[in-house]
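Chain residues, written in single-letter form:
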Amino acid sequence: MSQSVDLDNLFTRELEKNDGSVLCINQSVVGDVGCVVWDAAIALTLYLETPDFQETPGSNKLRGKNVLELGAGTGIVGIQAACLGANSIITDLKDFVPLMALNIRVNQALITGSAIARELRWGTDVTDYQPPDYILIADCVYYEEAVGPLVQTITDLCDDHTVVICSYEERTTGNKPELQKKFFELVEKVFHVEEIPLERHDPVYRSEDIHIMKFIMK
Ligand SMILES: C[S@@+](CC[C@H](N)C(=O)[O-])C[C@H]1O[C@@H](n2cnc3c(N)ncnc32)[C@H](O)[C@@H]1O
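What counts, and where the lines are drawn
Residues numbered from 1 in each chain as written. Predicted model: local features only at pLDDT ≥ 70, side-chain atom pairs only at ≥ 80, totals over all residues. Heavy atoms only, no water. Buried < 20%, exposed > 50% of the residue type's maximum accessible area, 1.4 Å probe, protein only. Helix = DSSP H or I, 4+ residues; strand = E, 2+ residues; numbered from the N terminus. Contact = heavy atoms within 4.5 Å. Near = heavy atom within 4 Å. Polar contact = N/O pair within 3.5 Å; in protein donor to acceptor, adjacent residues only side chain to side chain. Areas by Shrake-Rupley, 256 points an atom, 1.4 Å probe, with all protein chains shown as cover. Nonpolar A, V, L, I, M, F, W, Y, C, P; charged D, E, K, R; others polar.

The next subject is helix α3 (residues 97-106). Restricting attention to buried positions, one finds in α3 the residues L99, M100, L102, N103 and I104. Elements that come into contact with the buried residues of α3 comprise β1 (10-16), β2 (22-28), α2 (76-83), β6 (87-92) and β7 (114-119).

Here it is in structure tokens:
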């Protein structure tokens, strides 16, 4: 499915955080869809800085929490979580580990928690992982053959304290509407699903076609 990510052919996306610091995310010109930052990832990255994640003024709920990102691509969401104080394990297929690791290095000065990049193919054994406090997923309902394995991995990783936050862009072409329907049918068998209303997304980076969902195990 994915081809190697070419680290010699990069371009950068900059994203300003609430505190004025700037995340610099390298994207690759050559490779599969995970080589670039998707809009649903930006929406989720910025949602992590909204009042929904504020414990007390200046303190983010992710501080000190264990976070695992699935299908991270460039790693932007997990890196943001690490900048907000989380201990992030940022995962994708093996080919993406060097790009995620590069982006962790580039943003190291902003990271107040920790971040590591790892291979995690959906549907494979995850018994090595402790159930994280949060699982973050941006725009991963994309591949017909991977919908079932993705839901399996989310389910295998969670226990009843884990909060899953999943953003996606609602697509109306090809088989995407069908895939999204199938994904939520499978998720709803195991999780309570709640949509985060648009007014609670980032005040600037929000869009009617980008959804942020929260899953908690039934
Ligand atoms: C549309 S991209 C989204 C990337 C990133 N989350 C974002 O929104 O910018 C989907 C990601 O899922 C990853 N992916 C696809 N199939 C996978 C699988 N079976 N196991 C793990 N990751 C997978 C891809 O490599 C890709 O990085």
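There is more to say after this.
We now examine the environment of L110. Relative to the helices and strands, L110 is located in the loop between α3 and β7. Considering only alpha carbons, one finds L110 and C83, 27 residues apart in sequence, at a separation of 5.5 Å. When near neighbours in sequence (up to four residues on either side) are disregarded, L110 contacts S21, V22, L23 and C83.

So, about the site of the ligand. Looking at the ligand, there are 20 residues lining it, with W38, G71, D92, W122 and A138 nearest. For the ligand, an oxygen atom lies 3.5 Å from a polar atom in the backbone of V36. In the environment of the ligand, an oxygen atom lies 3.0 Å from a nitrogen or oxygen atom belonging to the backbone of W38. For the ligand, the protein covers 98% of the area, taking 590 Å² as the surface of the free molecule. Here the residues of the shell around the ligand are counted per class, giving 14 nonpolar, three polar and three charged.

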